[in-house]
Amino acid sequence: MKDVKQEWINVAVEALDKAYVPYSHFPVGACLVTKSGKMYQGINIENASFGLTNCAERTAFFKAVSDGEKEFIHLVIAGHTPEPISPCGACRQVMVEFCAPDMPVTLVGDNGVVKTMTVKELLPYAFTEEDL
Ligand code: THU
């Protein structure tokens, strides 16, 4: 589904309150939507050993994939930022693993600022299974 649904944005924004961010105080929320319409909510989960932090996007992917889901149609990422939040490189690589290059990713900031890009636009010339 190319067009984002308000419900998916709401699920990503509602996740912001659940983010576990005692160190950065920078909450991120995600809503990953499966082909069948199921929504997986993700939050960033930090750790006193900072490098173990899991981003919101990867939390959503790992919840979905561990539930047996592998077909996705949309990802929404929300932050409490003036501009739409930009996903980190690690999360872009995980998107490439599980999503079609033309799958839309909607980035949401505060005050309803929204930007939609494709997975390929976020990570062009990606390393994939084809390279192995
Ligand atoms: N973070 C995400 O959850 N997703 C991103 O794509 C960017 C960064 C989190 C990790 C950390 O908890 C906080 O934002 C600050 O880097």
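Residues numbered from 1 in each chain as written. Predicted model: local features only at pLDDT ≥ 70, side-chain atom pairs only at ≥ 80, totals over all residues. Heavy atoms only, no water.

The name an unreviewed UniProt entry gives the protein is Cytidine deaminase, with Enterococcus ratti as the organism. UniProt lists a comment for the protein under the heading Sequence similarities (unreviewed entry), and it reads "Belongs to the cytidine and deoxycytidylate deaminase family." Under Function (unreviewed entry), UniProt gives the following word-for-word description of the protein: "This enzyme scavenges exogenous and endogenous cytidine and 2'-deoxycytidine for UMP synthesis." (UniProt positions renumbered as here; feature names shortened; annotations may be inferred.)

**Regarding the site of the ligand**
By nearness alone, every residue bordering the ligand is listed as Ser24, Phe26, Val28, Asn44, Glu46, Thr53, Cys55, Ala56, Glu57, Pro87 and Cys88. Residue glutamate 46 places a side-chain N or O atom 2.5 Å away from an oxygen atom belonging to the ligand. Within the contact set of the ligand, an oxygen atom lies 2.9 Å away from a backbone nitrogen or oxygen of cysteine 88. Calculation on the ligand without its partners gives an accessible area of 370 Å², and the protein chains cover 79% of this total. Here the shell around the ligand is built from residues that sort into six nonpolar, three polar and two charged. (Near = heavy atom within 4 Å. Polar contact = N/O pair within 3.5 Å; in protein donor to acceptor, adjacent residues only side chain to side chain. Areas by Shrake-Rupley, 256 points an atom, 1.4 Å probe, with all protein chains shown as cover. Nonpolar A, V, L, I, M, F, W, Y, C, P; charged D, E, K, R; others polar.)

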